[in-house]
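# Per-entry structural report
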Amino acid sequence: MRRNDVEVIGGLIFFAVILAIIIGVAMVKTGTGRIETATVESKERVCDTRRDCRYLIFTDQGVYENTDAWLSLKFNSSDMYGALKVGRTYRLKVNGWRVEVTSSYPNILSIEGEVTK
């Protein structure tokens, strides 16, 4: 094998590994959907930069993120943030997990309904 062939094969293997990681992360993010019941204790808009913001929802079950999710076709995080009221209990469709190392939280995909007590 010539050196050029080895470089091409190495590049293809590298590309395949990166693609596999991206697909794996996407599958985990979209394949962990579940319904959880939680009472909203507070909520906050957190910005890392002027344009890089996310909504955090603090509940009795932990912290959730409310951001748009391209893979789940969710584009209404601002409307959803406004609809969630402090002190009320909701059934929430969420996906993902809390990963402290990356400061990521389960993402709220939809409000399935309000629970009345």
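## Digging into a nonpolar patch on the surface
Together, Ile9, Ile13, Phe14, Val17, Ile18, Ile21 and Ile22 line one region of the surface with nonpolar side chains, adding up to about 660 Å² of accessible area. Residue placement: Ile18 occurs in helix H1 (residues 3-30). Owing to a relative accessible area of 36%, Ile18 belongs among the partly exposed residues under this scheme.

## A few points about the pattern of salt bridges
A complete count under the given rule lists three salt bridges for this structure. Across the pair Glu114 and Arg88 runs a salt bridge, and its minimum N-O distance is 3.7 Å. Here Arg88 lies in the loop between helix H2 (77-83) and strand S4 (89-95) and Glu114 lies in strand S5 (residues 107-115), a separation of 26 residues in the sequence. Judged by relative accessible area, which is 40%, Arg88 ranks as partly exposed.

## What to know about the pairing of strand S1 (residues 34-47)
When S1 meets S4, the two strands line up antiparallel, connected through six bridges. Bridge pairing links Glu36 to Leu92 in S4. Relative to strand S2 (residues 53-59), S1 is paired through seven bridges, and the arrangement is antiparallel. Counted as the bridge partner of Val40 is Thr59 from S2.

## Considerations on the pairing of S4
Taken residue by residue, a regular strand's side chains alternate between the two faces of the sheet. When you tally the buried positions in S4, you get five out of seven residues, the bulk of the element. In this sheet, S5 lies alongside S4 in antiparallel orientation, the contact comprising seven bridges. If you follow Asn95 over to S5, its bridge partner there is Asn107.

## Describing the nonpolar core
Ala38, Val40, Tyr55, Ile57, Tyr64, Met80, Tyr81, Leu84, Tyr90, Leu92, Val94 and Ile108 form the largest nonpolar core, which has 12 residues in total. Elements that contribute at least two residues to this core include exactly S1, S2, H2 and S4. Per-element accounting of this core gives the leading share, three residues, to S4. Setting aside residues up to four positions removed in sequence, Val40 forms contacts with Ile57, Phe58, Thr59, Leu84, Lys85, Val86, Gly87, Arg88 and Tyr90.

Each value, and the rule that gives it
Residues numbered from 1 in each chain as written. Predicted model: local features only at pLDDT ≥ 70, side-chain atom pairs only at ≥ 80, totals over all residues. Heavy atoms only, no water. Patch = residues over 30% accessible without salt bridge, like charges linked within 9 Å, V, L, I, M, F, W, Y side chains within 5 Å. Areas by Shrake-Rupley, 256 points an atom, 1.4 Å probe, with all protein chains shown as cover. Salt bridge = Lys/Arg side-chain N within 4 Å of Asp/Glu carboxyl O. Helix = DSSP H or I, 4+ residues; strand = E, 2+ residues; numbered from the N terminus. Buried < 20%, exposed > 50% of the residue type's maximum accessible area, 1.4 Å probe, protein only. Pairing = 2+ DSSP bridges. Core = buried A, V, L, I, M, F, W, Y, C linked by side-chain atoms within 4.5 Å. Contact = heavy atoms within 4.5 Å.

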